[in-house]
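Descriptive analysis of the structure
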Number of protein chains: 2
Amino acid sequence: MKIAEPTIERLVQYHRLLERLREEGHRVVSSQQIGELLGFKASQVRKDLSYFGEIGKRGVGYHVERLCDHIVQILSSPKIWRIAMAGIGNIGTALLSNQSFRSPKLRFEALFDIDTRKIGSEIFGVHCWDASEIPVVMAERKTEVLILAVPARAAQSCVDLAISSGVLRGVLALTQGSFVVPDEILVVRVDIPAELEKLLFFLKQPEVIPG
Amino acid sequence: MKIAEPTIERLVQYHRLLERLREEGHRVVSSQQIGELLGFKASQVRKDLSYFGEIGKRGVGYHVERLCDHIVQILSSPKIWRIAMAGIGNIGTALLSNQSFRSPKLRFEALFDIDTRKIGSEIFGVHCWDASEIPVVMAERKTEVLILAVPARAAQSCVDLAISSGVLRGVLALTQGSFVVPDEILVVRVDIPAELEKLLFFLKQPEVIPG
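Bear in mind that the values here come from a model prediction, so they are computed numbers and not experimental data. (Residues numbered from 1 in each chain as written. Chains lettered and ligands numbered in written order. Predicted model: local features only at pLDDT ≥ 70, side-chain atom pairs only at ≥ 80, totals over all residues. Heavy atoms only, no water.)

Helix and strand counts for chain A stand at eight helices and nine strands. The dimensions of chain A, computed from C-alpha atoms along their principal axes, are 60 × 45 × 30 Å. Out of the 211 residues in chain A, the part that is buried amounts to 52%. The contacts of chain A with a sequence gap of at least 6 include a subset with a gap of at least 24, amounting to 57%. With the model as given, the accessible surface of chain A reaches about 10,100 Å², and the carbon-plus-sulfur share is 52%. Each charge class in chain A can be summarised by its mean position, and for the 26 positive and 25 negative side chains these summaries are 6 Å apart. (Helix = DSSP H or I, 4+ residues; strand = E, 2+ residues; numbered from the N terminus. Buried < 20%, exposed > 50% of the residue type's maximum accessible area, 1.4 Å probe, protein only. Contact = heavy atoms within 4.5 Å. Areas by Shrake-Rupley, 256 points an atom, 1.4 Å probe, with all protein chains shown as cover. Lys, Arg positive; Asp, Glu negative; His and termini not counted. Charge placed at Lys NZ, Arg CZ, Asp CG, Glu CD.)

Structure, rendered in structure tokens:
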């Protein structure tokens, strides 16, 4: 089953919302409610969920727990992901301390920095190495995923070191630096200043509707 | 001229890349090069740029400086945006210290937190108030944009305070908490744990190609 990127993005958001509704003790939820809470059209919600075989009952909605379990099953991975992070500044630290990042599915195996005060220390329980050791440590620890939180100017050299480990498969890029990778390596970019610029552009031209 | 959201996102990325190429002294760039550096197809680059009247010369490409100025003009806003930020934790601090955020187009007018050690202090030169003062301070300082970096549980109450200021027009949400706003308020969400989940989903099913 092939799923397009925007659908996956919405699935991740349905998942997060349903977990919250479950915690709050809600038993049913309508497509209208889901749409309103996430900023999607109800028709989009129905279309997405029916694609995965979930049909809400008219006038009742979806069973929160069942729908949540179903989406977890679609998103979930049988394996534990071994993750490395390069650049342990404010953003890197924010992520390491974020509960959503410390799930049993994710194992932070190694941190990398060039700051000698960080190298050799444990940060939130994870060892920090000198960035020059990226190839060896990533290979030893089989970290397929790199979270890249280094300054823009270090992005390419850091990614090149990770590629040379031979185990890298995906990069979550939180840096504003651009870099090139071979086709077989997946990159997801998060560029917060660019998102702000986008918001301001929408505000400038109110006739452009996001989504 | 109406521009769809994905196009705006790419424009922001073209802008960033062209600024870098200009700084590095490049005079021309081809659609192939732009595509490779940003991970888009060259045909997409040509289509986007021709929509704005930019036609590259076959075998030569685009004039970096002219193209950059043109995109700046499309993206730029005649006004200076007055910005408030709520939640001055690691993420908030990371943004305040990020150079891309300290542009002449953006004026950080107010910070808000509930931590008494932060309230009353200046953080990166911006005053921090108690979150309960959001309505008054935002109204006084006419901050149309709120960067929301509070814990998930505080998202809705914090946004409600900002809405009650009467001046709020847009929210950049960096929190995992969901919240509801009236239709006329624009929201752009950045959810880093969700982006990681998306990357892992792609890695699990390599036949799904992002983009």
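On we go from here.
A few words now on helix α2 (residues 31-38) of chain B. Taken together, the buried positions of α2 of chain B are occupied by S31, I34, G35, L37 and L38 of chain B. Packed against the buried residues of α2 of chain B are β9 (186-189) of chain A together with α1 (5-23), β1 (28-29), α3 (42-51), β2 (62-63) and α4 (64-75) of chain B.

Moving on to unusual backbone geometry. Even without being a glycine, K142 of chain A presents a positive backbone phi close to 50 degrees. Note that K142 of chain A resides in the loop between α6 (134-141) and β7 (145-148).

The next thing to look at is the packing of aromatic side chains. All names here are of chain A. Inspection of the entire model under this criterion finds four aromatic pairs over all chains. Residues Y14 and F40 carry aromatic rings whose centres are separated by 5.9 Å and whose planes lie at 85 degrees to one another, so their mutual orientation is edge-to-face. Here F40 lies in the loop between α2 (31-38) and α3 (42-51) and Y14 lies in helix α1 (residues 5-23), a separation of 26 residues in the sequence. Take Y14: its relative accessible area is 1%, and that puts it in the buried class. Between F112 and W129, the aromatic rings sit 6.3 Å apart at their centres with planes inclined by 35 degrees, giving tilted as the arrangement. With F112 in strand β4 (residues 106-113) and W129 in strand β6 (residues 126-130), this residue pair connects regions lying 17 residues apart in the sequence. Both residues of the pair, F112 and W129, belong to the buried class. (Phe/Tyr/Trp six-rings, centres within 6.5 Å; stacked < 30°, edge-to-face > 60°.)

Attention now goes to the packing of α1 of chain B against α2 of chain B. Residue and element names in this part refer to chain B. Following both chains from N to C, one finds α1 and α2 inclined at 105 degrees, their axes separated by 11 Å at the closest point. By the angle class used here, α1 and α2 are roughly perpendicular. Contact residues: α1 offers Q13, Y14, L17 and R20, while α2 offers I34, L37 and L38. Residue composition of the contact of α1 with α2, by class: five nonpolar, one polar and one charged. (Axes fitted to C-alpha atoms, helices over the stretch in contact; angles between N-to-C directions. Parallel < 35°, antiparallel > 145°, perpendicular 65-115°, else oblique. Nonpolar A, V, L, I, M, F, W, Y, C, P; charged D, E, K, R; others polar.)

Moving on, we come to the layout of surface pockets. Residues and elements named next belong to chain A. The volume enclosed by the second largest pocket comes to roughly 230 Å³. Taken together, 13 residues make up the lining of the second largest pocket; nearest its centre are S31, R46, G56, K57 and R58. Contributions of two or more residues to the lining of the second largest pocket are made by α2 and α3. Split by residue class, the lining of the second largest pocket holds two nonpolar, seven polar and four charged. (1 Å grid on protein atoms, 1.4 Å probe; cavity = no way out; pocket = protein on both sides within 12 Å on 5 of 7 lines; lining within 4 Å. Points joined across faces, edges and corners; volume = space filled by probe spheres on them.)

Let us look at the environment of V150 of chain B. All names here are of chain B. Looking at the secondary structure, you find V150 in the loop between β7 (145-148) and α7 (155-163). Along the sequence, V150 and A173 sit 23 residues apart, while their C-alpha atoms lie 8.9 Å from each other. V150 has contacts with A86, G87, A155, C158 and T175, leaving out every residue within four places of it along the chain.

Here the focus is the interface of chain B and chain A. Tallying the contact residues gives 68 residues for chain B and 67 residues for chain A. Summed over both partners, the interface of chain B with chain A comes to about 6,300 Å²; 67% of that surface belongs to carbon and sulfur atoms. In this assembly, chain B and chain A are joined by six salt bridges. Among the ionic pairs, K198 of chain B bridges to E9 of chain A, the shortest N-O distance being 2.8 Å. Applying the counting rule to chain B against chain A returns 14 residue pairs in polar contact (both at pLDDT 80 or more). A per-element tally of the side of chain B that touches chain A places helix α8 (residues 192-204) of chain B first, with 13 residues. By residue class, the composition of the side of chain B that touches chain A is 38 nonpolar, 15 polar and 15 charged. (Buried area = accessible area lost by both parts, 1.4 Å probe. Salt bridge = Lys/Arg side-chain N within 4 Å of Asp/Glu carboxyl O. Polar contact = N/O pair within 3.5 Å; in protein donor to acceptor, adjacent residues only side chain to side chain.)

To continue, consider the relation of the copies chain B and chain A. With an RMSD of 0.0 Å, the operation that places chain B on chain A is a rotation of 180 degrees combined with a shift of 0.0 Å along the axis. These values place the two chain copies in the arrangement generated by a two-fold rotation axis. Most of the interface of chain B is mirrored in chain A, where 97% of its interface residues again form contacts. (Least-squares fit on C-alpha atoms with pLDDT ≥ 70 in both.)

All names here are of chain A. In this fold, T143 is placed in the loop between α6 and β7. Under the relative-accessibility criterion, T143 is labelled buried at 0%. Beyond its immediate stretch of four places on either side in the chain, T143 contacts R82, I83, A84, E109, M138, V167 and L168.

All names here are of chain B. Read across the open sheet, the seven strands follow the order β5-β6-β4-β3-β7-β8-β9; overall the sheet is mixed. Of all strands in the sheet, those with a lone pairing partner are β5 (122-123) and β9 (186-189), marking the two edges. Of the pairings in the sheet, the one linking β5 to strand β6 (residues 126-130) comprises two bridges and is antiparallel in character. Counted as the bridge partner of E122 is H127 from β6. (Pairing = 2+ DSSP bridges.)

Turning our eyes to something else, we now look at the sheet that holds strand β5 (residues 122-123) of chain A. Residue and element names in this part refer to chain A. In space, the seven strands of this open sheet follow the order β5-β6-β4-β3-β7-β8-β9, with mixed pairing throughout. Of all the strands in the sheet, just β5 and β9 have a single pairing partner and so form its edges. Across six bridges, strand β3 (residues 81-86) lies against β4 in parallel orientation. Paired with A86 across the two strands is F112, which belongs to β4.

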